[in-house]
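# Coordinate analysis (summary)
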Amino acid sequence: TEDVEDVEDTDETGASDEPEDEKDGEVPEDLKEVIPKINDEYVAAENIILPEKSRDEPFYVITSIKLSEPSEYVDTKAVMGYVDQVYASSDSLFFYGVDYYENDERTEIVKFSYEDGRIIPKAAGAVPGYIDDSFCIDEDSKGNLRVATTTWKDNGQESSLYILDSDMKKVGSLVDIAKNEGIKSCRFMGDTGYIVTFRNTDPLFTIDLSDPANPQIISELTIPGFSEYLHYWGDGLLLGVGYDADIDTGGTTGVKLSMFDVSDPANTKEVAKLILDVDSADLLYGNYKSVLIDPEKNLFGFSCSDWGEEEDNWEEKGYYMVFSYKDGEFSELLTSKLDMDDGYWDMARGIYAGDYFYLIHDEKIRSYSMEDYKKVADYE
């Protein structure tokens, strides 16, 4: 693993060392199809950042605007490189993408600050493996970046955690957390991290991150199946949504809800579970923004699907389901079948307003009373 290196050839404003006369010159004809444009103007040379080793890669462009004058931009940077995701903290932007370096898979990360709309490149670096989703990367209040990755090895997968300081230098790590298991889900909450890996069972690891140079696993809970989405429920509870699985074969057997008691990080417990009679759910495919979740209202909902036999034919059926949690038990409040003829099951959205719950799917709206979840009306 290479240590993270600072972005080279830029001052604190991100400007390059090119002479002024070259910056202000006309864009050569053979570069006009290459250089990005903002508001029909080519990005200036001092705002273009190239990798140390030139490769055939596209540009990604970062631009800030004043909301009071949206037609004018404040600053822009064009950076050459592949980007899989963007993570934004309150102080920084992190652009990251997977690359292969000397036959090893690694994630390259570029950090920018954006105070007052000025986009300034700060540092860049890399960690082994790939980042599974946006919950696997997090900046803490001290400017340390926590990154959970999975790496493919000849004998299986390797799950690890890396901590980088504000200059993107590696200060701590936990390598190969679970033998031959990849990361299924992750959440960082203050000085505590939760990582789920899976092979045949689900180890939920609780990690103490209070000392960035010395992260420690303080609890390991092993249960059947795995959680692929984690959400803090409040009052020392962590909601997990994933799959139940056969402990001998690892084969999934249905969508599973879990509630974990994390009030004592050193003694994490599963205090409730519910296995649904469906095959999959949209939030388990990275579509977590589709989830309706409100611990204060004590409800969460998502769309899901199941393959069933219908008149001697196997077909996919879609549903939207709403649940609540109380006193160690999940309750199913609503299961509404979705019309699969004209739409996709994972396009359903649930919202509430006042005393009514609304299910929106395929240009139709269905309303329910939140007192008993009985249907009130259909709108088309």
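Computed from a predicted model, the values in this text were never measured in an experiment.

## Remarks on the pairing of strand 18 (residues 226-234)
In terms of burial, strand 18 is a largely internal element, seven of the nine residues being buried. Strand direction decides the pairing type here: strand 18 and strand 19 (residues 237-245), joined by seven bridges, are antiparallel. Within strand 19, the residue paired with tyrosine 229 across the bridge is valine 241. Following strand 18, the chain reverses through two residues before pairing antiparallel with strand 19; aspartate 235 in that reversal takes a positive phi of roughly 55 degrees.

## Remarks on a nonpolar patch on the surface
The grouping of Ile351, Ile360, Ile365 and Tyr379 at the surface amounts to a nonpolar patch, some 320 Å² of accessible area in total. Along the chain, isoleucine 365 falls in strand 29 (residues 364-369). Overall, isoleucine 365 belongs to the partly exposed group, its relative accessible area being 33%.

## Looking at the sheet that holds strand 12 (residues 156-164)
Sheet strands line up and pair through hydrogen bonds in the backbone, either parallel or antiparallel. Strand order in the open sheet formed by four strands is 10-11-12-13, with antiparallel pairing between adjacent strands. Each edge of the open sheet carries a strand with a single partner, namely strand 10 (137-139) and strand 13 (170-174). The mean inter-strand angle of the sheet, taken between neighbouring strand axes irrespective of direction, is 25 degrees. As judged from the four bridges shared by strand 12 and strand 13, these two strands associate in the antiparallel manner. Of the residues in strand 13, the one forming a bridge with leucine 161 is leucine 174.

## Description of the nonpolar core
Generally speaking, a soluble globular protein has its nonpolar side chains buried in company with each other. Ranked by size, the top nonpolar core spans 38 residues in total, and within it Val241, Phe300 and Phe302 carry the most contacts. For this core, the secondary-structure elements that each account for two or more residues are strand 15 (192-198), strand 17 (216-224), strand 18, strand 19, strand 20 (252-261), strand 24 (299-310) and strand 25 (313-326). Of all the elements, strand 19 adds the most residues to this core, at six residues. Apart from residues no more than four positions distant in its own chain, phenylalanine 302 is found in contact with Val241, Leu257, Leu276, Ala281, Asp282, Leu283, Tyr319, Tyr320, Met321 and Phe323. Listed in part, the 27 residues of the second largest apolar core include Leu145, Leu161, Cys186 and Ile195.

## Here's the deal with the pattern of salt bridges
Any two side chains of opposite charge can pair, so long as their charged atoms come close to each other. Across all of its chains, the model carries ten salt bridges by this definition. Between lysine 256 and glutamate 270 there is a salt bridge whose closest N-O contact spans 3.3 Å. Of this pair, lysine 256 sits in strand 20 while glutamate 270 sits in strand 21 (residues 269-275), placing them 14 residues apart in sequence. Take lysine 256: its relative accessible area is 3%, and that puts it in the buried class. Glutamate 270 sits in the partly exposed class, given a relative accessible area of 24%. One network of salt bridges, in which partners are shared, links Asp75, Lys77 and Arg118.

## Some details on the pairing of strand 15
The buried fraction of strand 15 amounts to seven of the seven residues, a majority that puts the element mostly inside the structure. Burial of the side chains of strand 15 extends over both faces: Thr192, Tyr194, Val196 and Phe198 are buried on one face and Gly193, Ile195 and Thr197 on the other. Strand direction decides the pairing type here: strand 14 (residues 182-189) and strand 15, joined by seven bridges, are antiparallel. Paired with methionine 189 across the strands is threonine 192, a residue of strand 15. Connecting the antiparallel pair strand 14 and strand 15 is a turn made up of two residues, with glycine 190 showing a positive phi of about 65 degrees.

## Some details on the confidence of the model for the protein chain
Per-residue pLDDT for the protein chain has a mean of 87; in total, 90% of the residues score no lower than 70. Low confidence marks residues 1-24, where pLDDT is under 50. Its contacts with residues over four positions away, or in another chain, come to 45 contacts.

## So, the sheet that holds strand 19
Sheet architecture is open: four strands sit in the order 18-19-20-21, paired in antiparallel fashion. The sheet is open, and its two edges are formed by strand 18 and strand 21, each paired on a single side. Along the sheet, successive strands turn relative to each other by an average axial angle of 25 degrees, direction set aside. Pairing of strand 20 with strand 21, which is carried by six bridges, proceeds in the antiparallel orientation. Within strand 21, the residue paired with leucine 257 across the bridge is leucine 274.

## Section: the environment of glutamine 157
Relative to the assigned elements, glutamine 157 resides in strand 12. Contact partners of glutamine 157, with chain neighbours within four places excluded, come to Tyr130, Thr150, Thr151, Trp152, Ala178, Lys179, Asn180, Glu181 and Gly182.

## Here's the deal with unusual backbone geometry
Of note, the phi angle at methionine 168 is positive, near 65 degrees, even though the residue is not glycine. Within the secondary structure, methionine 168 is located in the loop between strand 12 and strand 13. Although it is not a glycine, asparagine 180 sits at a positive phi angle of roughly 60 degrees. Tracing the chain through its elements places asparagine 180 in the loop between strand 13 and strand 14. A relative accessible area of 25% places asparagine 180 in the partly exposed class.

Calculation criteria
- Residues numbered from 1 in each chain as written.
- Predicted model: local features only at pLDDT ≥ 70, side-chain atom pairs only at ≥ 80, totals over all residues.
- Heavy atoms only, no water.
- Buried < 20%, exposed > 50% of the residue type's maximum accessible area, 1.4 Å probe, protein only.
- Helix = DSSP H or I, 4+ residues; strand = E, 2+ residues; numbered from the N terminus.
- Pairing = 2+ DSSP bridges.
- Patch = residues over 30% accessible without salt bridge, like charges linked within 9 Å, V, L, I, M, F, W, Y side chains within 5 Å.
- Areas by Shrake-Rupley, 256 points an atom, 1.4 Å probe, with all protein chains shown as cover.
- Salt bridge = Lys/Arg side-chain N within 4 Å of Asp/Glu carboxyl O.
- Axes fitted to C-alpha atoms, helices over the stretch in contact; angles between N-to-C directions.
- Core = buried A, V, L, I, M, F, W, Y, C linked by side-chain atoms within 4.5 Å.
- Contact = heavy atoms within 4.5 Å.
- pLDDT = per-residue confidence, 0-100.

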